[in-house]
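# Summary of the model geometry
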There are 2 protein chains.
Amino acid sequence: MTEPRHSRKKTRVTSLDIAHRAAVSQATVSRVLAGSPLVNAETKRRVEQAVRELNYKVDRHASSLRTQRAGTLALLLFEDPTPDDSHINPFFLSILGSITRACAKHGHDLLVSFQQLSDDWHADYEDSMKADGLILLGYGDYLAYQSKLVHLLAQGTHFVRWGHVLEDQPGITIGCDNHAGGRMAGQHLLDCGRRQIAFLGDASTRFPEFHARYQGCEAALQDAGLSMSPGLQVDAPSTEQAGYDAAKVLLARKRPFDAVFAASDLIAIGAMHALTEAGLRVPEDVAVVGFDGTPMARFSNPPLTTVVQDTSKAGALLVDALLRLVRDTPAQSQTLQPTLAIRASSVG
Amino acid sequence: MTEPRHSRKKTRVTSLDIAHRAAVSQATVSRVLAGSPLVNAETKRRVEQAVRELNYKVDRHASSLRTQRAGTLALLLFEDPTPDDSHINPFFLSILGSITRACAKHGHDLLVSFQQLSDDWHADYEDSMKADGLILLGYGDYLAYQSKLVHLLAQGTHFVRWGHVLEDQPGITIGCDNHAGGRMAGQHLLDCGRRQIAFLGDASTRFPEFHARYQGCEAALQDAGLSMSPGLQVDAPSTEQAGYDAAKVLLARKRPFDAVFAASDLIAIGAMHALTEAGLRVPEDVAVVGFDGTPMARFSNPPLTTVVQDTSKAGALLVDALLRLVRDTPAQSQTLQPTLAIRASSVG
DNA sequence: CTGAAAGCGCTTACAG
DNA sequence: CTGAAAGCGCTTACAG
């Protein structure tokens with residue numbers, strides 16, 4: 001099944017070939033391809049025809065070398081200790097999808113790299129001119145990479161990140177209003193008549209987004225004169241396995257609860273599993289609400305009520321902000337408002 | 001929240017700066033960075049020190065322009081009519097993860113693009129020197145892009161695809177032994193005492209992988225003197241919604257069945273939903289088996305028995321084969337053996 | 001082992 | 001509106 005007969009070398013078509021064929025100078029070819037307005041219409045037509053006939057494409061490297069712009073953005077997706085490729089958070093993959101689309105829309109290419117937080121941080125994507133800027137995606141220990149962000153800034157690297165928006169954040173961040181999302185979840189559970197709400201997910205300031213979700217939920221309870229019980233909170237990173245394990249821990253404590261607010265959909269789905277296994281019914285015995293609005297939430301069993309983040313807007317905003325930075329136009333951090341999708345996991 | 005104070009332009013460090021600092025010629029710097037053996041150890045040390053001190057990175061475009069190699073591969077993920085980014089098949093995302101890793105291992109970067117089958121096919125990734133070769137990923141109507149593959153080959157473009165391996169396939173394909181996988185699923189359901197197996201997923205030759213899965217299952221039944229009933233097959237592309245809808249159609253036919261073999265995990269999960277909604281118990285009334293081995297199969301409710309494709313090997317093989325093509329070394333199509341993960345959706 | 005020099009294929013002032 | 005020319009930052013024969 002070898003394919004030797006197809007290995008013929010391509011002879012590269014250059015702008016000089018086009019120039020000859022269109023009987024103009026190479027400079028003019030370049031002007032036409034750059035869409036310069038200072039070209040005679042007829043000349044332009046001839047050049048474009050030659051380009052089509054020879055299937056000419058501008059050499060990206062020659063062009064970038066000359067202009068000092070890569071026309072490419074790099075996406076660095078890092079996750080804590082997730083050795084298994086297949087467990088990449090689907091929420092980030094949704095954003096990845098919309099980022100590729102936004103890049104295409106702006107005529108940029110997208111380089112992707114999935115890294116561990118522990119890896120080298122490849123700031124050299126920009127140093128080596130491979131990319132004009134970086135998009136950073138990933139949950140993880142905030143403190144662990146805070147210093148790396150400062151370092152990137154100091155180097156003058158262009159980057160934006162998805163994450164929790166804080167005042168003292170180095171650089172530009174696009175993120176969800178996690179507090180508002182948490183409040184929605186809490187309010188909804190209250191509306192469903194629940195009073196003892198467990199929270200699954202890290203709720204320390206080291207994980208700012210989860211922490212804000214927790215606090216938002218608590219705020220809703222406090223408005224109703226209630227509060228979250230620390231005994232009903234269990235740490236968990238955003239995986240199904242962690243959600244499953246955390247729910248087990250919660251159950252083992254034998255404290256009564258009638259609802260679970262999970263810091264992510266993955267955690268929620270893992271938790272529903274553990275609850276079901278323990279003979280509890282969702283939502284009759286325990287109502288469950290997730291966070292993210294991933295596609296799988298719609299098809300879990302029962303379908304999961306969840307706080308939806310608009311990934312498609314997220315991707316567009318990330319790319320927009322980064323391109324502004326690259327072009328030296330003012331850009332700023334932004335917060336997206338989430339919405340609540342109510343499904344059977346909370347309302348029978 | 002604007003960040004004007006950080007917009008200072010970086011002054012690019014070039015190999016000439018390194019040369020000055022290390023008191024050697026620019027050519028020698030280049031030799032050191034290329035790992036040439038013809039450099040004095042002491043000279044090499046001085047250069048490397050200067051490189052470190054100035055945080056120098058080779059300019060990718062200058063290097064690629066000179067060598068005529070991009071050092072980059074491009075991944076084109078296309079799916080039929082999937083307007084919503086978020087519904088990208090998780091199976092492909094798993095492969096994407098392992099492809100990024102394989103690329104990194106070989107010192108290559110990865111450019112990604114998610115396209116509709118209907119879009120232009122961007123063979124120009126290679127024409128414009130942006131990438132040395134293409135990896136094609138996606139289910140879809142076989143006939144619809146068969147001709148595009150032929151076109152790519154004719155242009156001398158380097159590419160590999162993930163898909164069903166057929167004899168008369170243009171180019172190189174890495175894929176799963178879908179027939180063997182289908183047979184495993186069928187045999188397992190027989191072992192579970194099931195006799196009337198429904199198949200959800202397109203089973204025509206236009207969708208070769210699904211078709212082979214169907215035939216593999218049928219082969220298992222025939223070995224047992226049984227056969228698949230055409231009345232128990234319903235077409236469906238690989239989405240949860242399609243699986244849900246297909247199961248509804250199946251139920252509406254009111255023909256008895258005691259098992260469902262779904263052509264993909266997504267279809268299976270959607271189908272389990274519809275079955276549960278109709279008051280059927282999985283696996284007591286209907287055993288369900290999926291295909292792919294996606295992470296969500298482990299956490300569906302009940303956990304899904306599924307034919308597992310080794311995505312991590314898949315990514316490695318795709319990248320290996322493509323790099324061979326790029327380097328003009330013989331490469332060939334390959335088939336991966338799937339395995340069966342038995343879970344509660346088929347065995348009570 | 002090292003340096004001087006050519007050249008990869010563009011873009012963009014500069015002249016006209 | 002168009003062309004001649006310089007130069008982006010490398011790599012790699014060619015000489016020594």
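Residues numbered from 1 in each chain as written. Chains lettered and ligands numbered in written order. Predicted model: local features only at pLDDT ≥ 70, side-chain atom pairs only at ≥ 80, totals over all residues. Heavy atoms only, no water.

- For chain A, the name recorded in an unreviewed UniProt entry is LacI family DNA-binding transcriptional regulator, with Thermomonas beijingensis as its organism.

### Details of the interface of chain A and chain B
- Opposite the 73 residues of chain A that make contact, chain B presents 73 residues.
- Across the chain A/chain B interface, buried area totals approximately 6,500 Å², and carbon plus sulfur atoms make up 56% of it.
- Our count for the contact surface shared by chain A and chain B stands at 2 salt bridges.
- The shortest N-O distance in the salt bridge between Lys130(B) and Asp109(A) comes to 3.1 Å.
- Linking chain A to chain B there are 18 residue pairs in polar contact (both at pLDDT 80 or more).
- Of all the elements in the fold, those that place two or more residues in the side of chain A that touches chain B are helix 4 (60–67), helix 5 (90–105), strand 2 (109–116), helix 6 (124–127), helix 7 (142–154), helix 10 (240–252), helix 11 (265–277) and helix 12 (295–299) of chain A.
- The greatest single-element share of the side of chain A that touches chain B, amounting to 7 residues, is contributed by helix 5 of chain A.
- For the side of chain A that touches chain B, the class distribution of residues is 25 nonpolar, 29 polar and 19 charged. (Contact = heavy atoms within 4.5 Å. Buried area = accessible area lost by both parts, 1.4 Å probe. Salt bridge = Lys/Arg side-chain N within 4 Å of Asp/Glu carboxyl O. Polar contact = N/O pair within 3.5 Å; in protein donor to acceptor, adjacent residues only side chain to side chain. Helix = DSSP H or I, 4+ residues; strand = E, 2+ residues; numbered from the N terminus. Nonpolar A, V, L, I, M, F, W, Y, C, P; charged D, E, K, R; others polar.)

### Brief notes about the relation of the copies chain A and chain B
- Structural alignment of chain A on chain B gives an RMSD of 0.0 Å, achieved by rotating through 180° and translating 0.0 Å along the axis. Taken together, these values place the two copies in the relation of a two-fold axis.
- Both copies share a contact surface, since 100% of the interface residues of chain A are interface residues in chain B too. (Least-squares fit on C-alpha atoms with pLDDT ≥ 70 in both.)

### Here's the deal with the sheet that holds strand 10 (residues 305–308) of chain A
Residues and elements named next belong to chain A.
- Pairing is mixed across the open sheet formed by 6 strands, whose spatial order is 7-6-8-9-10-12. Bordering the open sheet on either side are strand 7 (233–234) and strand 12 (339–341), each of which pairs with just one other strand.
- When strand 6 (residues 197–200) meets strand 8 (residues 259–262), the two strands line up parallel, connected through 4 bridges. By the bridge assignment, Ile197 is partnered in strand 8 with Ala259.
- Running at roughly 170° to strand 6, helix 9 (residues 208–223) makes contact with strand 6, strand 7, strand 8 and strand 9 (287–292) of the sheet. (Pairing = 2+ DSSP bridges. Axes fitted to C-alpha atoms, helices over the stretch in contact; angles between N-to-C directions.)

### Examining the packing of helix 5 (residues 90–105) of chain B against helix 13 (residues 311–326) of chain B
Residue and element names in this part refer to chain B.
- Across the interface, helix 5 lies against helix 13 with an axial gap of 8 Å and an inter-helix angle of 50°. As summarised for this structure, helix 5 and helix 13 are arranged oblique, according to the angle between their axes. For the pair helix 5 and helix 13, the sense of crossing is right-handed. Contacts between helix 5 and helix 13 involve Phe91, Ser94, Ile95, Ser98, Ile99, Ala102 and Cys103 from the former and Thr311, Ser312, Ala314, Gly315, Ala316, Leu318 and Val319 from the latter.
- Class assignment for the residues of the contact of helix 5 with helix 13 results in 9 nonpolar, 5 polar and no charged. (Parallel < 35°, antiparallel > 145°, perpendicular 65-115°, else oblique. Left-handed = near helix turned anticlockwise from the far one by under 90°.)

### Some words on the pattern of salt bridges
- According to the stated counting rule, one finds 18 salt bridges over all chains in the structure shown.
- As a salt-bridge pair, Arg60(B) and Asp109(B) come within 3.2 Å of each other at their nearest N and O atoms. Of this pair, Arg60(B) sits in helix 4 (residues 60–67) while Asp109(B) sits in strand 2 (residues 109–116), and the two are 49 residues apart along the sequence. Of the two residues examined, Arg60(B) and Asp109(B), each falls in the buried class.
- Residue Glu277(B) pairs with Lys248(B) through a salt bridge whose shortest N-O separation is 3.2 Å. Taken together, the positions of Glu277(B) in helix 11 (residues 265–277) and Lys248(B) in helix 10 (residues 240–252) put the pair 29 residues apart, joining distant regions of the chain.
- Classification of Lys248(B) by relative accessible area gives partly exposed; the value is 34%.
- A network of salt bridges, in which partner residues are shared, links Glu42(A), Arg45(A) and Arg46(A). (Buried < 20%, exposed > 50% of the residue type's maximum accessible area, 1.4 Å probe, protein only.)

### Thoughts on the environment of Gly181(B)
Residue and element names in this part refer to chain B.
- Looking at the element boundaries, Gly181 is found in helix 8 (residues 178–191).
- With 125 residues separating them in the primary sequence, Gly181 and Thr306 have C-alpha atoms 9.4 Å apart.
- Contacts of Gly181, omitting those with residues within four sequence positions, involve Phe291, Val307 and Pro338.

### Quick look at helix 9 (residues 208–223) of chain B
- Along its 16 residues, helix 9 of chain B runs 22 Å from first to last C-alpha, staying within 8% of the 22 Å computed at 1.5 Å per residue.
- Positive phi appears at Gly225(B), one or two residues downstream of helix 9 of chain B, with a value of about 75°. (Expected span 1.5 Å × (residues − 1).)

### Quick notes on the UniProt feature "domain: HTH lacI-type" (unreviewed entry) in chain A
- Mapped onto this structure's residue numbering, the UniProt feature "domain: HTH lacI-type" (unreviewed entry) falls at residues 13–67 of chain A.
- A helix fraction of 69% and a strand fraction of 0% characterise residues 13–67 of chain A, whose end C-alpha atoms lie 21 Å from each other. (UniProt positions renumbered as here; feature names shortened; annotations may be inferred.)

### Here's the deal with unusual backbone geometry
- The step from Asn301(A) to Pro302(A) runs through a cis peptide bond, and the omega angle for that step is -5°.
- Along the chain, the position of Pro302(A) falls in the loop between helix 12 and strand 10.
- In the segment running from Val282(B) into Pro283(B), the intervening peptide bond is cis, with an omega of 10°.
- With respect to the helices and strands, Pro283(B) occurs in the loop between helix 11 and strand 9 (287–292).
- Residues other than glycine seldom take positive phi values, yet Ala23(A) does so here, at roughly 55°.
- Mapped onto the secondary structure, Ala23(A) falls in the loop between helix 1 (15–22) and helix 2 (26–33).
- Owing to a relative accessible area of 62%, Ala23(A) belongs among the exposed residues under this scheme.
- At Asn55(B), a residue that is not glycine, the phi angle is positive and equals roughly 50°.
- Looking at Asn55(B), the relative accessible area reads 34%, which means it is partly exposed.

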